[in-house]
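Here are the chains, one letter per residue:
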Number of protein chains: 2
Amino acid sequence: MAKKAKDRKQVLGEIKNIASDVYKKIMKKKAPEITMPLRSLSNVKYSDKVGFFELIGKMKSRTLTANTIKSFAQTLLLMNESKRLARIGDTESKREAYYVSKNWGDARFDSDDEAFTVMDDVEAMLQVNREQMGFIPEEKGGAVAGKLVVIDGKDKIDCTKFGSGAYSIPSSVEHLEFKTNAKFVLVVETSALFQRLNNHKYWDKANCIIVAMGGVPTRSTRRFIRRLADDKKMPVYVFTDGDPYGYLNIYRTLKVGSGNAAHINEFFCVPQAKFLGVTPADIEHYKLPTHPLKDVDIKRLKDGIKNDPFVKHHKDWEKALQKMSKMKKRAEQQAFAAHSLNYVIDVYLQEKLKNPKTWLP
Amino acid sequence: MAKKAKDRKQVLGEIKNIASDVYKKIMKKKAPEITMPLRSLSNVKYSDKVGFFELIGKMKSRTLTANTIKSFAQTLLLMNESKRLARIGDTESKREAYYVSKNWGDARFDSDDEAFTVMDDVEAMLQVNREQMGFIPEEKGGAVAGKLVVIDGKDKIDCTKFGSGAYSIPSSVEHLEFKTNAKFVLVVETSALFQRLNNHKYWDKANCIIVAMGGVPTRSTRRFIRRLADDKKMPVYVFTDGDPYGYLNIYRTLKVGSGNAAHINEFFCVPQAKFLGVTPADIEHYKLPTHPLKDVDIKRLKDGIKNDPFVKHHKDWEKALQKMSKMKKRAEQQAFAAHSLNYVIDVYLQEKLKNPKTWLP
C-alpha cells in the first residue's frame, strides 16, 4: 500500500529545502540544479505488493544555463506561488496559476501547455500531488450516494439524504473525513446506471456507497475513492461497460494509474479495486445484446496485451482481453435492460457480489 | 413565457388518444397516420415575448405503408413503453429504451441512432419533453450550491451545507420542489470558477444560488434552472468565457434553445437569463489577458451574425459579436486571476451586478 500523503506543512518544508539549496549554490557562484523523476512509461514498473505503477528511478535534472533560464525561473516562481497560497489559505486552479504568471515579467507562461508542464515537473520533484501544493484541478469530481457521511469543515454531509440527486465531489478532497458502516464502494462508469441504482436506493439494500465516474474518472474522483477506501478499509468494486475502453482506460487507470502521470500514481491509484464486470465471460453468461468491436477497440486490446505492465502481470486479464479479441464483441453496462429494467439490480449485481471467482483482479 | 409542462397523466391521455385514432382507422380499413412537427432551424422563429425558438408549424406525417411499417411500429411501441413505465412507476434512460426494444421482435431498433430519432419524433408529436414520458437522459446535471433547499420526495436538501462539495442535479428534475429566499441564480461555465465561488461561500455574501454548467449545459441542468426561475420568479445571470463558444453555444442554447431540438425548447430554455459576462467590452475594460481567436471561433462569429435568429433579433448581441470579430481576441473567465485570485469576486461580479447596462440580453 502506498505511503501517506504529505500535509501542506511538509510540502512547504520541502519547497524551502530546494530553494535554499539553489540559493547556496548561487552564493558559491556555482550553477544551481534541480532534479526530478522522468515522467514516462519507460520509468515505471508494476507489482501486486506495491499496487500501482511505480517510478523506477530514472531522473532528469535542470541546471541553470542560458537555455534553461526561463523554465528554471518558472519552476522557482511556481514553488513560491504554492508557498503564497498556503500563507493566504487559498487554492488556485491550474488555469488560474497560468494567469497569475502574467505578473512574472519575462518569466510569464506563454501558453497553458507551458504552465501545465512546469506544474507536472514541480509535482514530480516534490513527490506530491499538486492538490497538496494548493493547485486544484479544473474539473470537479463525480457523484456519490449511499451510506456515507462526508465531513467537510463544519458540514456533515449525509449522502443518504439527496433524493434522486447526489453529492458532487469537490475539486480537492485532501481535507475531507469520512464516517460510514457500509460494506463496500461500488464504482460505476455511466451516470445513467448510477441514476437507476440511486432511484431504487440500491445502496440501502446492499449497504454500500455508490460513485458515478462518468467515463474516465477525474483526479478528485480517484483520490476521493482512494482516501475513503484507505481510511475505512473498504473494498472497492468497479462496474464498467464490457469493452476495451472500460477495461484499460477506466478500470486500469483507476486501479494502478497511468504511465505519463507515474509520479502521482501513488496518490491517485486505488489498489484495493476489483473488477466486477462487465467481463467478456459475463457477456456470454448473461446473453447480453452486443455491438461489434470497432477498429480502435481492436487496436486497444492488442496494445494492452502487448505493452501494458498491468495486463502482463495479471494472466486473468490477459486471458479476458484475448477472449474479447476472439468474440469480436463488446457490451454496455445498460445492456441488462434487455432482460428487464431492474435485472441489473435484482440478478446481476447480486450474483456477481456472491461470486468473487467471476471477478477480474 | 412558455406554458406549463404536462404532467405524466396528461401525457398518458395523449398517448391513448393517438393510439385510439390509429386503432379506429385500422378498424375502418384505412391507412393510419401520425403527424409531428418538422424538427429543424427552418421551422423556428424567435420573438422576445415568447422567449424561445418557437415552432412555426411545418409538419411531417408518417402514414403506414410497406416502407414505413418498421418506424411506425417502433413509434407505437415506444409510446406503449412510456405507458408501461408510468404504470410501474419507473424511468428508463434513452439507452435502456434501446435495449428494451431487443424484445420487440422484428421492430427492434438496429442502432442507438435509430432509437434516438424515433424518441425525438414521439417527443415532438406529444409536444412534451421525454422526461415527462419517463425517458431520462444519459448524462446527469451540473452542480449547485447556495441559498436553496431542494425538496425531492421526503428529502429536504439544503445546498448551504455541503462544505466545498455541492448538490449534483439528477437526470430528471420534473418532480423537484424549491424553497429559497435568494435574490438571483448565478450560472457559471467552468467547474473551476464554481469551486472558487463555493470555497469562498460567495453565495452567502451575495445571497444567491450558484450553478456550474461544466460547458454546454445538459438537459437536466437547463430544465432545473428553468423550473427554479419560473417557480421562484428569480432572475438568472450567466457568466461564461468571453468567446464565441460561450456566447453562441452555451448562453444562447441555455436562453432560447437550439434549432434541431426546437420541439422541446419551450421546456428547456431559460428566457429570464441575462448575460453578465465576459463581454467583449469587459475584455477591454478589465484589461484581461487574451488568446487570439481560432479559425473555428471566427467561423462561429460569422455564422452567428449571419444566420442566428437570436442574434439578428438583438442588435446588442450583433454589435458585441462584431466587436469581437474586430478585436480578434477572446478571454477566459479565469483570466481575472491575473489581477488577483479573488478579483473576480471582490471587484468584477460586484461591479457587474450593479450595472445592468453592461449586460447583454
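Residues numbered from 1 in each chain as written. Chains lettered and ligands numbered in written order. Predicted model: local features only at pLDDT ≥ 70, side-chain atom pairs only at ≥ 80, totals over all residues. Heavy atoms only, no water.

Moving on, we come to the relation of the copies chain B and chain A. Mapping chain B onto chain A is achieved by rotating through 180° and translating by 0.0 Å along the same axis, at an RMSD of 0.0 Å. Both chain copies can therefore be described as sitting about a two-fold axis. Here 100% of the interface residues in chain B have copies in chain A that are interface residues too; the copies meet face to matching face. (Least-squares fit on C-alpha atoms with pLDDT ≥ 70 in both. Contact = heavy atoms within 4.5 Å.)

Another aspect to go through is the packing of aromatic side chains. One pass over the structure, following the stated rule, counts 41 aromatic pairs over all chains. Ring geometry for phenylalanine 184 of chain B against tyrosine 237 of chain B: centres 5.3 Å apart, planes inclined by 45°, an arrangement best described as tilted. Linking phenylalanine 184 of chain B in strand E12 (residues 184-188) with tyrosine 237 of chain B in strand E14 (residues 236-239), this pair joins segments that are 53 residues apart in sequence. In this pair, the class of phenylalanine 184 of chain B matches that of tyrosine 237 of chain B, namely buried. Between the aromatic rings of tyrosine 286 of chain B and tyrosine 343 of chain B, the centroid separation amounts to 6.4 Å while the plane-to-plane angle is 80°, which identifies the pairing as edge-to-face. Linking tyrosine 286 of chain B in the loop between helix H10 (280-285) and strand E16 (291-292) with tyrosine 343 of chain B in helix H14 (residues 343-354), this pair joins segments that are 57 residues apart in sequence. Judged on exposure class, the residue tyrosine 286 of chain B and its partner tyrosine 343 of chain B are both buried. Three or more aromatic residues joined by ring pairs make a cluster, and in this case those are Tyr46, Tyr247, Tyr251, Phe275, Phe310 and Trp317 of chain A. In this arrangement the basic side chain of lysine 94 of chain B is found over the ring face of phenylalanine 116 of chain B, its NZ or CZ atom lying 4.1 Å from the centre. (Phe/Tyr/Trp six-rings, centres within 6.5 Å; stacked < 30°, edge-to-face > 60°. Helix = DSSP H or I, 4+ residues; strand = E, 2+ residues; numbered from the N terminus. Buried < 20%, exposed > 50% of the residue type's maximum accessible area, 1.4 Å probe, protein only. Lys NZ or Arg CZ within 6 Å of the ring centre and 35° of its normal.)

Okay, unusual backbone geometry next. Along the chain, glycine 277 of chain A connects to valine 278 of chain A via a cis peptide bond; the corresponding omega equals 5°. In this model, lysine 29 of chain A sits at a positive phi of 60°, which is unusual for a non-glycine residue. Inspection of the secondary structure puts lysine 29 of chain A in the loop between helix H1 (8-27) and strand E1 (33-37). In this structure, lysine 233 of chain B takes a positive phi of about 50° despite not being glycine. Along the chain, lysine 233 of chain B turns up in the loop between helix H7 (219-232) and E14. With a relative accessible area of 72%, lysine 233 of chain B lands in the exposed category.

Turning to the nonpolar core, a few remarks are in order. If you look at the biggest cluster of nonpolar residues, it comprises 216 residues, and the most contacted ones within it are Leu186 and Phe224 of chain A together with Tyr167, Leu186 and Phe224 of chain B. Sequence-distant contacts of leucine 186 of chain B, that is, excluding residues within four places in its chain, are made with Leu197, Tyr202, Ile209, Ile210, Val211, Tyr237, Phe239, Leu276 and Leu349 of chain B. (Core = buried A, V, L, I, M, F, W, Y, C linked by side-chain atoms within 4.5 Å.)

This part is about the domain arrangement of chain A. Residues and elements named next belong to chain A. By the assigned domains, chain A splits into domain 1 (8-136) and domain 2 (143-358). A separation of 32 Å is found between the C-alpha centroids of domain 1 and domain 2. Here domain 1 and domain 2 share two salt bridges between them. Linking glutamate 123 and arginine 219 is a salt bridge whose minimum nitrogen-to-oxygen distance equals 2.8 Å. Applying the counting rule to domain 1 against domain 2 returns four residue pairs in polar contact (both at pLDDT 80 or more). (Domains from an automatic or database assignment. Salt bridge = Lys/Arg side-chain N within 4 Å of Asp/Glu carboxyl O. Polar contact = N/O pair within 3.5 Å; in protein donor to acceptor, adjacent residues only side chain to side chain.)

The next point concerns a nonpolar patch on the surface. Residues and elements named next belong to chain A. Together, Tyr23, Ile26 and Met27 make up an exposed nonpolar region whose accessible area comes to about 340 Å². Considering the arrangement of structural elements, one finds tyrosine 23 in helix H1. What makes tyrosine 23 exposed here is its relative accessible area of 53%. (Patch = residues over 30% accessible without salt bridge, like charges linked within 9 Å, V, L, I, M, F, W, Y side chains within 5 Å. Areas by Shrake-Rupley, 256 points an atom, 1.4 Å probe, with all protein chains shown as cover.)

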